[in-house]
Amino acid sequence: MTSPIRVAVTGAAGSISYSLLFRIASGEMLGPDTPVILHLLEIPPAMSALEGVAMEIQDCAFPLLQDMVLTDEAKTGFDGAHIAILVGGKPRGPGMLRADLVEANGPIFTGQGRAINDFADDDIRVCVVGNPCNTNALIAMHNAPDVPNERFTAMTRLDENRAKSQLADKSGRPISAITNLGIWGNHSKTMYPDFFNTRIDGKPVTDVIDDTAWLKEEFISTVQGRGAAIIQARGSSSAASAANAAIDHVRDWFTPTPEGDWHAMAVPSTGAYGIEEGLIFSYPVRCDGEGNYEIVEGIELNDFAKAKIAETKEELLGEREIVKNLLG
Ligand code: NAX
């Protein structure tokens, strides 16, 4: 047994957390030998609901769960945290534009960024789930000047998983046969799921699925619009699949990526592929198993891919403009 890892989760009484917290406490995220202390952060009106969630977690008698801290104060929420999963935020209401959402949720992440800066463990790793997740991660990062920028990431793993599933379905091959699926750019309808570099049983997707029109149109729009399709069908947004992706994101950040493969993570750009340095941009990344990742360099991008990537980059630059007053 190693010493306990403190995992802070915001929006802990919300829908995603209702799937996420139990899986963290069971050891699915950090493995069967790592005890966990959960720091659960909410806003005051949700504290009663949070207490109910905590009672249920308690009733699971998870052997790895050493303690739970329930709070509506960011200081306590992030105190000594090694991992922070920022899920909390206001949902997009009817008629709300993306720009409204960016403006509504931005201020939450200035305060949380500062609290992470001041109270989290020096080793803190941050995964932002709450939307608009790339720009929220950008705000948190800018408000945490003492934390290395590369510790701030946003979640595009759900998009990777969705894309893999679509390709498995179309090709009739198992999920495990699909590798090298990169998501580029923003977690939004402009993201680019790069099928050209994805492999099925080690072969280019285009060798296995010869319907290029489907790949260029239906595949991309299905992945881009999957969140909206789930809201339409279920009446509320993806929750269990988002929690699953958050588990995948953090687990794989601390797991060596299999040789030759990569995963999607939105990370501060190093300037790679002509993206402005510091913009939180989803790239194909590889992880070393020690909590470090690197953007995969040298991926060939054709004109189709370059145009898609330019579009999602423009959207992110527009979001950055809206929140520029929050960037410290
Ligand atoms: P819920 O509305 O069920 O839960 C959000 C929770 O956040 C609520 O309990 C609320 O009280 C809490 N909260 C609000 N402000 C807070 C603050 N300042 N500090 C702490 N907690 C706060 O939403 P849920 O379905 O759980 O979704 C959460 C976020 O995930 C949303 O922003 C949603 O858009 C985003 N998603 C991101 C995805 C991704 O792939 N990156 C996919 C799923 C999801 O759409």
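Predicted model, so just to flag it, every value in this text is computed and none were measured. (Residues numbered from 1 in each chain as written. Predicted model: local features only at pLDDT ≥ 70, side-chain atom pairs only at ≥ 80, totals over all residues. Heavy atoms only, no water.)

Draft legend 1. Examining the packing of helix H6 (residues 157–171) against helix H8 (residues 212–224) more closely. H8 packs onto H6 with a crossing angle of 135 degrees between their chain directions and a minimal axis gap of 10 Å. As summarised for this structure, H6 and H8 are arranged oblique, according to the angle between their axes. Like other packed secondary-structure pairs, H6 and H8 cross with a definite hand, here right-handed. Note on element contacts: H8 touches H6 through Trp 214, Leu 215, Phe 219, Thr 222 and Val 223, opposite Asp 159, Ala 163, Gln 166, Leu 167 and Lys 170. Looking at the contact of H6 with H8 residue by residue, the classes come out as 6 nonpolar, 2 polar and 2 charged. (Axes fitted to C-alpha atoms, helices over the stretch in contact; angles between N-to-C directions. Helix = DSSP H or I, 4+ residues; strand = E, 2+ residues; numbered from the N terminus. Parallel < 35°, antiparallel > 145°, perpendicular 65-115°, else oblique. Left-handed = near helix turned anticlockwise from the far one by under 90°. Contact = heavy atoms within 4.5 Å. Nonpolar A, V, L, I, M, F, W, Y, C, P; charged D, E, K, R; others polar.)

Draft legend 2. Structural detail: the site of the ligand. Close contacts around the ligand come from 24 residues, with Ser 15, Ile 16, Glu 42, Val 129 and Asn 131 the closest. Between the ligand and the protein, one listed contact pairs an oxygen atom with a backbone N or O atom of Ile 16 at 2.9 Å. In the environment of the ligand, a nitrogen atom lies 3.4 Å from a nitrogen or oxygen atom belonging to the backbone of Met 155. When the ligand sits alone it has 880 Å² of accessible area, and the protein chains cover 84% of it. Elements with a contribution of two residues or more to the shell around the ligand: helix H1 (15–26) and helix H4 (98–119). A breakdown of the residues in the shell around the ligand according to their chemical character gives 12 nonpolar, 11 polar and 1 charged. Taken together, domain 1 (5–154) and domain 2 (157–322) each give at least three residues to the shell around the ligand, which thus spans both. (Near = heavy atom within 4 Å. Polar contact = N/O pair within 3.5 Å; in protein donor to acceptor, adjacent residues only side chain to side chain. Areas by Shrake-Rupley, 256 points an atom, 1.4 Å probe, with all protein chains shown as cover. Domains from an automatic or database assignment.)

Draft legend 3. Molecular detail of the sheet that holds strand S10 (residues 199–200). Ordered in space as S7-S10-S11, the 3 strands form an open sheet in which the pairing is antiparallel. Every interior strand has two partners, whereas the edge strands, strand S7 (178–179) and strand S11 (203–204), have only one. Taken together, the 2 bridges between S7 and S10 define a ladder with antiparallel strand orientation. Note on S10: the bridge partner recorded for Ile 178 is Ile 200. (Pairing = 2+ DSSP bridges.)

Draft legend 4. Representation of the pairing of strand S2 (residues 36–41) in the model. Of all 6 residues making up S2, 6 are buried, and the element is well covered by its neighbours. Across the two faces of S2 the burial is the same, with Val 36, Leu 38 and Leu 40 and Ile 37, His 39 and Leu 41 all buried. In this sheet, S2 lies alongside strand S1 (residues 5–10) in parallel orientation, the contact comprising 6 bridges. Note on S2: the bridge partner recorded for Ile 5 is Val 36. In this fold, S1 hands off to H1, which returns the chain to S2; that crossover is right-handed. Here S2 runs beside strand S3 (residues 65–71); their pairing, made up of 6 bridges, is parallel. Looking at S3, one finds that His 39 is bridged to Val 69. (Buried < 20%, exposed > 50% of the residue type's maximum accessible area, 1.4 Å probe, protein only. Right-handed = clockwise from strand over helix to strand, strands pointing away.)

Draft legend 5. Broad picture of the environment of Pro 284. You can see Pro 284 is positioned in strand S13 (residues 280–287). Given a relative accessible area of 1%, Pro 284 falls into the buried group. C-alpha of Pro 284 to C-alpha of Ala 266: the two residues are 18 residues apart in sequence and 8.6 Å apart in space. Excluding anything up to four places from it in sequence, Pro 284 contacts Gly 182, Trp 184, Trp 262, His 263, Glu 294, Ile 295, Val 296 and Ile 299.

Draft legend 6. Here's a closer look at the side chain of Arg 151. Among the secondary structure elements, Arg 151 is positioned in the loop between helix H5 (133–142) and strand S6 (152–154). Engagement of the side chain of Arg 151 in a polar contact is seen with the backbone oxygen of Ile 124, the distance being 3.0 Å. With near-sequence residues (within four places) excluded, Arg 151 lies in contact with Asp 122, Asp 123, Ile 124, Arg 125, Val 126 and Trp 253.

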